[in-house]
Every structure is written in structure tokens, then in C-alpha cells.
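Survey of secondary and tertiary structure
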Protein chains: 2
Amino acid sequence: MDASTQTSPSGAVRAETITRYADLLVRLGANVQPGQIVEVAGTPAHAPLVRAAADAAYRAGARYVDARYFDPQVRRARIVHAPAAEALEFVPAWERERVLALGEERCARVVLTPLLPPGLFDDLDAGLVAREPLPSLPESLQIVMAETTNWTAAPAPEPLWATRVHPDLPADEALARLWEDVEHVCRLDEPDPEQAWRTRFAQLAEPTGRLNEARFDALHFRGPGTDLTVGLFPTSRWTSGRATTVAGIEHSPNLPTEELFTAPDPSRADGVVTSTRPLVLKSGARVDGLVVRFEGGRAVDVQADAGLDALRALLGRDEGATRLGEVALVDGDSRVGALDTVFWSTLLDENAASHLALGHAYPRTVGEGERQRANRSEIHVDFMIGGDDVEVTALARDGSSVPVLRGGAWAL
Amino acid sequence: MDASTQTSPSGAVRAETITRYADLLVRLGANVQPGQIVEVAGTPAHAPLVRAAADAAYRAGARYVDARYFDPQVRRARIVHAPAAEALEFVPAWERERVLALGEERCARVVLTPLLPPGLFDDLDAGLVAREPLPSLPESLQIVMAETTNWTAAPAPEPLWATRVHPDLPADEALARLWEDVEHVCRLDEPDPEQAWRTRFAQLAEPTGRLNEARFDALHFRGPGTDLTVGLFPTSRWTSGRATTVAGIEHSPNLPTEELFTAPDPSRADGVVTSTRPLVLKSGARVDGLVVRFEGGRAVDVQADAGLDALRALLGRDEGATRLGEVALVDGDSRVGALDTVFWSTLLDENAASHLALGHAYPRTVGEGERQRANRSEIHVDFMIGGDDVEVTALARDGSSVPVLRGGAWAL
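What counts and what doesn't
- Residues numbered from 1 in each chain as written.
- Chains lettered and ligands numbered in written order.
- Predicted model: local features only at pLDDT ≥ 70, side-chain atom pairs only at ≥ 80, totals over all residues.
- Heavy atoms only, no water.
- Buried < 20%, exposed > 50% of the residue type's maximum accessible area, 1.4 Å probe, protein only.
- Helix = DSSP H or I, 4+ residues; strand = E, 2+ residues; numbered from the N terminus.
- Arc of directions from axis to C-beta.
- Contact = heavy atoms within 4.5 Å.
- Axes fitted to C-alpha atoms, helices over the stretch in contact; angles between N-to-C directions.
- Parallel < 35°, antiparallel > 145°, perpendicular 65-115°, else oblique.
- Left-handed = near helix turned anticlockwise from the far one by under 90°.
- Nonpolar A, V, L, I, M, F, W, Y, C, P; charged D, E, K, R; others polar.
- Polar contact = N/O pair within 3.5 Å; in protein donor to acceptor, adjacent residues only side chain to side chain.
- Domains from an automatic or database assignment.
- Buried area = accessible area lost by both parts, 1.4 Å probe.
- Salt bridge = Lys/Arg side-chain N within 4 Å of Asp/Glu carboxyl O.
- Least-squares fit on C-alpha atoms with pLDDT ≥ 70 in both.
- pLDDT = per-residue confidence, 0-100.
- Core = buried A, V, L, I, M, F, W, Y, C linked by side-chain atoms within 4.5 Å.

1. Comments concerning helix 11 (residues 308–315) of chain B
Residue and element names in this part refer to chain B.
- Taken residue by residue, helix 11 has Leu308, Ala310, Leu311, Leu314 and Leu315 as its buried positions. Along the axis of helix 11, the buried residues cluster in a sector spanning 165°; they form a single face.
- Where helix 11 is buried, its residues contact helix 6 (126–131), strand 13 (286–287), strand 15 (298–303), strand 17 (355–359) and strand 18 (380–384).

As C-alpha cells, this is what we get:
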């Protein structure tokens, strides 16, 4: 009956898969509770999955679904016609107030990514692109860090993204192929995806538990172009898979999720690190060949083959933007990593390999006594530094060293 | 480059037409001023025109475009899964606050219609459908009546609507045909559409001026199933074509617009009136064969062949919902009327024929001294009562009668 859905580009995937995926996102992902207001965010190209997620949320007892379409083409028009760079910074107060209200009202959120298709902004001035704040307002990071909403971010294939990931295929095949990738990394190809994820969460819990018991003093990364030591707090807490809101609702902030992560000591990072995969900023800008040198926790030198201006604009945002807020380990069993595909999407690419994040730390990854020392910033930018040829070694407080990852496998 | 646009259903029309239409809506329609925030509202099926209007608005100097996609399929899911009728009434406070902010900030608005495709809700309980308030919140009517925003509402073809208007054509042809209809009624087929509209506004200004000079006491409608007298205020002001905001910005609230309208005296309507075209409520419900009997200005009996429950739910909203807020005259030169097509959309159908509206009156259509007596309500529902076989006669204050419309032509 709905011709707009039938002729939609997402027709590359069966309606049954869309429904199955929507249920996973609403139940395991955001874990929508009866009576909650639920935001479902996507682009017009994501309409079939937005609708399926809204339907799943109402079936789960949602009080109201706020289907929030962000249009990256309208953002593009704004940047193209901007009379001056400063003009791009304005956002109506109601946009910021609404994000804060999502936290105050303890809402659930399902965010389909990418909201900014990779490639769409490549031909524009990177400094201008970085200046336009939407769709990721500082208020969004604020409610994530406050842990007031039960949420999930998950990949939603669409044509522009698909042709970037699989540039050698015709558009239709690229989209079908990207859907296959997403079905695989989100474990929709398992008989019971929710159970498959609970099994994977249990696997990830093992090294997570050992790292938390050992309370190492630092991690050392060594590989091609990388020789970096990252200091940890005595109370740095490793986390994986699930998160819990202040109201006690368990959820999976990212699907897929293959990482163990914690907050490092922002005053102790020293050495050089070379990114192992490209990085796509929330502004849509792409950063290739990133090399960062740290001294005393601070990124004192940042180089890149491409995208440096956009990254520097972000790093200039505040003092914490040049220090680390997250260190994350990903093993070789990651389904994302095994595909050996560059997805041009942080959500997927960060789950392919160990990574660091510049900017704000997740408060729950540090003990209360040291939480004030965890890094603070308006930004949180993950960049991938791991791979089979990057060794990760832990340095214990007694001076001994313990292998953590060797050839992509846990050595711990 | 944008595959989602290329494969969009709106591909039935040339990109050039979309751009031309968007420019008309932004310039003649909303008359966007440099520095304004501009809302562009549509559905995901309207994406190409939403994007073109956003682009046109930025070219016109907009400070920020709030592209606001409303998804009627998500509204449908809500109604289908509603645990109880009352549950449908809830709307997050931020939705209402944002609409009021559009007025407070003196924003411009471009609204693409229909936001609720006719037919999409036909198989659902009409009482439930009428209970779900979106996308037309009372706050939206409030800012229209306050004349704080310069705005336009205009038709935007999409597949569901097209198949309802042209049910005998294959889907693709129906959409192409509806685009042809819209190009014609919006005068996009003229060499200079903006100039063509200014010429039509001048034509409409002639009878408008004569009605305002004459200050008739009442209008009498006589036709098949219709014998109704509608009283006018001594200060009822006839209006056509253009409106002006409190800040003095001229705009065209509706495109197309073919009507002369004013506010009647809500205490003086007597007789029976039979609608000459079907009515589609904002809730999406359709009302056929409407017959209303008025006594002392009040609709004391309302009958219909279909859709009566949905209409009655609206009429029960408040006291003013059963009284008249508008009487409008449309002559036979209307391009909409000449097509002799039922568009299942009030915006178009009301411009095909003379009509009445139950509910709130436009304040500017009554002199200040009598403005307090104009009808007030949360609703404003237009229904068509005119046609070539409906005679309209004015009753002067001296008791004489003057023909106004005969056979669709001005007799005034």
C-alpha cells in the first residue's frame, strides 16, 4: 500500500529483515520501557527502518515516538550558501532544549547512523563543514554522559553510504552488499540475534573482568608508526557490551559493540600513534593518515594526509579536546574487524580495531574518587590505532609487563 | 550524486520544476526575509521539494532552515498500537513549545501538504484517528491567528496522494498527472509564475473591494440541498490573496489561492447546507455527503454518508466548533475548480468552490470593534458548498437583495 516505501532505496533488503532489526534495536538495543517517550533519529533515506523502529517501540509500550528526521542535504545547502562562517554556528534554542528534555524526561533513543553520509561534504571547505554543529549538539554528548537516557546507535544502510563502502559495485548491489554486512555484524544472520549478542557480551566480559582485577598502571601500544604509552587511573574501570542508566535501565549504547573500554589518565600519554583506519568526523569530514604525538597526556602534534583542518577545528574547541577520554581494546574475533572493510563510519570502524578517543570521558569508567580527574570536553572523537600487527602490553604497578593482545588474540 | 533523490518517487517531475516551485513558495509564498529562521514542513515522501525549498530559503538569506519531516506512517503505527484512546492525546511539551517559538521568533514557514495522505487512515477507527492531534496542534492555529509568522501552505504531490486523486491510472502516471495538476493550479506553467499570481491577485481584488464597500448584512446560498443564510458583521472585512504579518511582511498563506473570504457573525446562520465536494479532515478522515442544519448560528444537526464520527469528535472540541468562522466565495475562473477533480485535500478543494468553515475566525477579517464577537475555537474546518448550480445572493441592510455569483460568475 505504501508506494513510498516500496520504491525506497531500502527495498534492497527484505521487509522481514527490517522488522527483525527494528525489534533488536528497540529491545536489546535501547531496551524501551512501557510508558517511555522514544526518539527515533534517522535521515529521510532511513525512512523504512525509522518506521519499523517506531512500530517496534509502540509494540513495546512506548507512550510516544518522536520520529526525528535529520536531512544531511539541507545541512549541505546551509554550508554552501552560508554568508559567513560564524553564521553556521547558530542553532535555534528549541533544538538544544529538546535534547536536554530527552534527558530530563528519561526518554529512550534509537539513533540510526550515519546521519551524515560519508562523502557528502568532501567538496566543501572543511573548516566550514566542521563549524556547522548539527546533528551532534554538545547537549547530545551531555545527556549521554549523564546516562539519563537508555539508547542505542546502530548502522542503517542507505545509497550514498553504500556506494562509499563498496565503490566498485553498481549502486543497487552496493546497497544490498552493505545490508549483508550489517546483517552479519549485527548478528541478524543468527537464529536468535538477541541471544547471540548475550553470548558475545559474556565472551567480552572475561578479559574485561581480568583487566579490572589487575588494575594495570598503563597500556603500551607498539606497531608500525606507533609507540605509545597510555596511563590509567588506579580506578579506571573497564566496560563492555551493556550500560545502565541512572534509573537502572540496561541497554546497549552501540550495536554492534565489540570493544572493552575505559578512561585513561588524561595527564599521562606519551609517544606517537598512527591511525590504522580512516576516521570520519561527525561533521562528515574524513581524516586519513592521522599521526598524533602525545607529551604529558596532551596531543602536541597532529598530522594527517587529509582532513587535518576539520580535525584541528574540533581540537581547538576546548582544553580537553587534545587529551584522551577513552582507550578501547578490540580482539580479532570482532565480526567487524573480520570483514576487513572500511565502513567510513566510526560506529562500525571503531569496533574493528583497538582505538583511542580525544575528548570527554564516560564518567562510569572511572571510580568516584577519581572521577573529577577524568577528561572533560565538548568533543569525543574515536580514532583507530589497533590491528593484528599492533601489540598491546600492560604495565603493572610493580614494574612488570603483561601481554594483553598479540596478533589480535587475548594474551591476558 | 544523491541516489536517494534520483530514485525518489518525486522523480516523476523534472528537477527544474521542483526548483521553480520551491522559489515560488519561498519568495511569493512565505516571502522569506534575510535573517529569518524558516520552517519547511513535509513528509519523507516530499524530501526533494523540502530540500529545494530549504535551498531556496538559504539563497533568500535565511538564518537557519528547520526542515521538519512529519511521518504519517509513524502516526499510523501509534493509532494501530494505542493501548487506550486517551493515550493518543499526549504530545511532548517540546512539540508545543517549538510551535509557539516559531511565532515568538517571527519565523517564516513553508508547509507542504498533505502531511496526512488521504486514505492512509481509512481502515482505522475514525474516533481514534481524530483523537491523535498531530501534525496540527492547537498551537499551530494559534500562531496563524496571531499573524506572527509569514507562511505559505502548498500542495506537494507524492505517490499515496496521487493514487487517491487519479485511481484509474498506474502509480507512475498518477503521480506525473498530479504534478501536472499542481503545475497548472500553481501557475508554474506560466512564463513568470510570480507575475501570473500578482495578476490573479489583482483580479480577485475587484469583487473583494466591491463587497467591502457594500457592507452587506448577509449572504444567501441556494442550490441542490442548500438554502442557507449567513449573517455578516457590519465590519466583516473581505480578504483575498495576500496577508500581512504583525511585523508587516506580506505573504500568501495558501498557494494556490482563489478565494475571497471573511468572518461571519457566529450567531446568525440559519437553514440547511449540503456539501458539494468531499472533505478530508486534518486527521486524515474523509467526510462524504455532509449536510448541516444551522439555527441561530449553531450547527444543530450534522449528517454525513461517511466520516461522521471523526467530524463529530472535532465538533465536540469546544463551543465555537459548531459555529462559523469563515465564509468564502470562489468564482468559476478558479483553475482548481476548472479541473473538476476531487483532490482529497482541503487546500486545493476549498479553492475549487465557495465554502464555509466551522471554528476559529481569522481576526483580521473583522474590524477591531467587533473582533471580540468573531468566532473562537481550537478548530478550523473548511467544507465546500459552492458550485455553478449554487446561487449566492447578498442581502443588503436596506432589505434589498443583490446577486453575487450566478453560474460561477461574478454578478456583483
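So, next bit.
2. Observations concerning the packing of helix 4 (residues 72–81) of chain A against helix 3 (residues 47–59) of chain B
- At a closest axis distance of 9 Å, the pairing of helix 4 of chain A and helix 3 of chain B adopts a crossing angle of 20°. On the basis of their axis angle, the class for helix 4 of chain A and helix 3 of chain B is roughly parallel. Regarding helix 4 of chain A and helix 3 of chain B, the two cross each other, and that crossing is right-handed. Contacts between helix 4 of chain A and helix 3 of chain B involve Gln73, Val74, Ala77, Arg78 and His81 of chain A on the former and, on the latter, Arg51, Ala54, Asp55, Tyr58 and Arg59 of chain B.
- When the residues that make up the contact of helix 4 of chain A with helix 3 of chain B are grouped by side-chain class, the tally is 4 nonpolar, 2 polar and 4 charged.

3. Comments concerning the environment of glutamate 258 of chain B
Residues and elements named next belong to chain B.
- Within the secondary structure layout, glutamate 258 lies in the loop between strand 9 (250–251) and strand 10 (259–262).
- Separated by 96 residues in the primary sequence, glutamate 258 and serine 354 have C-alpha atoms spaced 9.7 Å apart.
- In this view, glutamate 258 contacts Arg187, Trp197, Arg200, Leu204, Leu329, Val330, Ser334, Arg335 and Asn351; residues no more than four positions away in its chain are not counted.
- Separated by 2.9 Å, the side chains of glutamate 258 and arginine 187 make a polar contact.

4. Observations concerning the domain arrangement of chain A
All names here are of chain A.
- One can read the domain layout of chain A as domain 1 (5–189) and domain 2 (194–243 + 251–410).
- With centres defined by C-alpha atoms, the gap from domain 1 to domain 2 works out at 24 Å.
- If you look at the interface, domain 1 gives 40 residues, while domain 2 gives 41 residues.
- Taken together, both faces of the contact between domain 1 and domain 2 bury some 3400 Å²; the carbon and sulfur share is 65%.
- Of all residues in domain 1, the largest losses of buried area upon contact with domain 2 belong to Leu28, Met145 and Arg187, amounting jointly to 23% of the total for that side.
- Our count for the contact surface shared by domain 1 and domain 2 stands at 4 salt bridges.
- Arginine 187 serves as the salt-bridge partner of glutamate 258, at 2.9 Å between the closest nitrogen and oxygen.
- The set of elements that each furnish at least two residues to the side of domain 1 that touches domain 2 consists of helix 2 (15–29), helix 6 (126–131), helix 7 (138–146), strand 4 (150–155), helix 8 (159–165) and helix 9 (171–185).

5. Here we look at the relation of the copies chain A and chain B
- When chain A is brought onto chain B, the operation consists of a screw motion whose angular component is 180° and whose axial shift is 0.0 Å, with 0.0 Å RMSD remaining. The superposition of one copy onto the other is thereby described by a two-fold rotation axis.
- Interface overlap between copies is the fraction of interface residues in one copy that are interface residues in the other; for chain A against chain B it reaches 100%, indicating a shared surface.

6. Some points on the pattern of salt bridges
- Summed over the entire model, instances satisfying the criterion amount to 66 salt bridges over all chains.
- Taking the shortest distance from any N to any O, the salt bridge between glutamate 139 of chain A and arginine 96 of chain A comes out at 3.2 Å. Of the two residues, glutamate 139 of chain A sits in helix 7 while arginine 96 of chain A sits in helix 5 (residues 93–104), which places them 43 residues apart along the sequence.
- The class of arginine 96 of chain A is partly exposed, set by a relative accessible area of 25%.
- Here glutamate 194 of chain B makes a salt bridge to arginine 198 of chain B, at a shortest N to O gap of 3.3 Å. Of the two residues, glutamate 194 of chain B and arginine 198 of chain B both sit in helix 10 (residues 193–214), 4 residues apart, roughly one turn of that helix.
- Look at glutamate 194 of chain B and you get partly exposed, because its relative accessible area is 22%.
- Residues participating in the shared-partner salt-bridge network are Asp217, Asp265, Arg268, Glu370, Arg373 and Arg397 of chain A.

7. Description of the confidence of the model for chain A
Residue and element names in this part refer to chain A.
- Residues at a pLDDT of 70 or more form 97% of chain A, whose mean pLDDT is 93.
- Within the model, the stretch residues 1–9 combines pLDDT values under 50 with 18 contacts to residues more than four positions away or in other chains.
- The ipTM, which scores confidence in the relative placement of chains, is 0.89 for this predicted complex, and the corresponding pTM is 0.90.

8. Structural notes on the nonpolar core
- One finds Tyr21 and Val65 of chain A together with Tyr21 and Val65 of chain B to be the most contacted residues of the largest nonpolar core, which totals 169 residues.
- Those residues in contact with valine 65 of chain A that sit more than four places away from it in its chain are Val38, Val40, Ala54, Ala57 and Tyr58 of chain A together with Val74 of chain B.

9. Considerations on the interface of chain A and chain B
- Listed by partner, the interface residues are 40 residues for chain A and 40 residues for chain B.
- At the surface where chain A touches chain B, the tally comes to 4 salt bridges.
- Across the pair glutamate 95 of chain B and arginine 68 of chain A runs a salt bridge whose closest N-O atoms are separated by 3.0 Å.
- On the surface where chain A and chain B come into contact, there are 10 residue pairs in polar contact (both at pLDDT 80 or more).
- Looking at the side of chain A that touches chain B, the elements with two or more residues in it are helix 1 (3–6), helix 3 (47–59), strand 2 (64–69), helix 4, helix 5 and helix 8 of chain A.
- Split into classes, the residues belonging to the side of chain A that touches chain B amount to 24 nonpolar, 4 polar and 12 charged.

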